[in-house]
Amino acid sequence: MSETVGFIGLGLMGEGFTRRLIDTGRRVVGYDIDARRTEAAAGWGVEAAASPADVAARADTVLVCVLNTAAVADVIVGDNGIAAANGGLEGKVLVDHSTTEIAATLDLAAVLAERTGMAFVDAPVSGGPDAARAGTLAIMAGGDLHAISRIDPLMTDLGTLTHMGPVSAGQATKLVNQTIVLTNYCVLAEALRLAEAHGVDTAKIPQALATGYAGSNLLPVAFERMVARDFVPRGYARQVLKDLEMVNEDARHHHVAMPMVAQALTLYRMMIAAGKADLDGTAIVTQLPEILPGH
């Protein structure tokens, strides 16, 4: 393919994304605020860019996957952001795969269109770095139909895209996703401790429950990490907390009762306060007391 894809944010997810893009025949121009990540990405074929504006100038479509709302804003309206580019961006599309605040998403989309003529699609994802690398992400997108149709062939190689509505609908859907996934981390942690209390072979739990109502995509992934005490980050606990805070604030704004989210939020606040911010989110099990032999 002759398509050039820009990618901003070369962390755990960015590596999976860019490796997949290169494997599917795209030329990838990348940038990360941490120059070491940009240098590392050159090792698998990502061409280095000097800034977000440079990425946008050199790419047909720009994908963004960064830490938080402030980082997305910096990509678009920062000193070297895309909105500072000297023309030539009209008709291009920016796809934001980050998980960001809805109000900011709407504001940034409007600024981007006004200053550059670029379309904006909010397309947060679920599945983690492994799914990004394999091209099996769940992609929930908000944007106008023309922009969605422009990016559809690209998204098809990254996962399954569902168009949820106008700009910000993708982020709203991601809040639903995080409600289900992140509260389930806590439920799985409790279930593991119960299994340990009864002395059953916890490694067999995913297999035993797979074909029943408890079976899910999450069970064999998260539960097995908890059993193995494998907390090498596929997604950082600090990111889990950030997303739960976002869900909680959105629920407050809309007067939605979310007691399970509140419990999960408290547990993750405690986990981060305990110095475990850079562990995988499944390390939430460490906040629950170990089961002592004979108890």
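Each value, and the rule that gives it
- Residues numbered from 1 in each chain as written.
- Predicted model: local features only at pLDDT ≥ 70, side-chain atom pairs only at ≥ 80, totals over all residues.
- Heavy atoms only, no water.
- Helix = DSSP H or I, 4+ residues; strand = E, 2+ residues; numbered from the N terminus.
- Rg over C-alpha atoms; globule rule 2.2 N^0.38 Å.
- Buried < 20%, exposed > 50% of the residue type's maximum accessible area, 1.4 Å probe, protein only.
- Contact = heavy atoms within 4.5 Å.
- Lys, Arg positive; Asp, Glu negative; His and termini not counted.
- Charge placed at Lys NZ, Arg CZ, Asp CG, Glu CD.
- Pairing = 2+ DSSP bridges.
- Right-handed = clockwise from strand over helix to strand, strands pointing away.
- Expected span 1.5 Å × (residues − 1).

- Naming follows an unreviewed UniProt entry, where the protein appears as NAD(P)-dependent oxidoreductase of Microbaculum marinisediminis.

1. With respect to the overall build of the protein
Part 1: Across its full length, the protein carries twelve helices and nine strands.
Part 2: Against the globule reference of 19 Å for 295 residues, the protein gives a C-alpha radius of gyration of 20 Å, in line with a compact fold.
Part 3: Of all 295 residues assigned to the protein, the portion counted as buried reaches 47%.
Part 4: The long-range share in the protein, meaning contacts at least 24 apart out of those at least 6 apart in sequence, stands at 67%.
Part 5: Looking at charge distribution, the protein has the averaged site of its 22 positive side-chain charges lying 4 Å from that of its 33 negative ones.

2. What to know about the pairing of strand S5 (residues 93-96)
Part 1: Here S5 shows two buried faces, one formed by Val93 and Val95 and the other by Leu94 and Asp96.
Part 2: In the sheet, strand S4 (residues 61-64) pairs with S5 via four bridges, with the strands oriented parallel. Across the sheet, Val64 pairs through a bridge with Asp96, a residue of S5.
Part 3: For the segment spanning S4, helix H4 (residues 69-77) and S5, crossover handedness is right-handed.
Part 4: Bridge count between S5 and strand S6 (residues 119-122): four bridges; the pairing is parallel. Note that in S6 the partner of Asp96 across the bridge is Asp122.
Part 5: Taken together, S5, helix H5 (residues 102-116) and S6 form a β-α-β motif whose crossover is right-handed.

3. Points about helix H8 (residues 169-198)
Part 1: Compared with an ideal rise of 1.5 Å per residue, which puts 30 residues at 44 Å, H8 spans 44 Å between its outermost C-alpha atoms and is within 8% of the ideal.
Part 2: Backbone geometry just downstream of H8 places Gly199 in the positive-phi region, at approximately 75°.

4. Overview of unusual backbone geometry
Part 1: At Ser168, a residue that is not glycine, the phi angle is positive and equals roughly 95°.
Part 2: Counting through the fold element by element, Ser168 comes out in the loop between strand S9 (159-165) and H8.
Part 3: According to the relative accessible area criterion, Ser168 is buried, its value standing at 15%.
Part 4: Phi at His255 takes a positive value of approximately 55°, unusual for a residue other than glycine.

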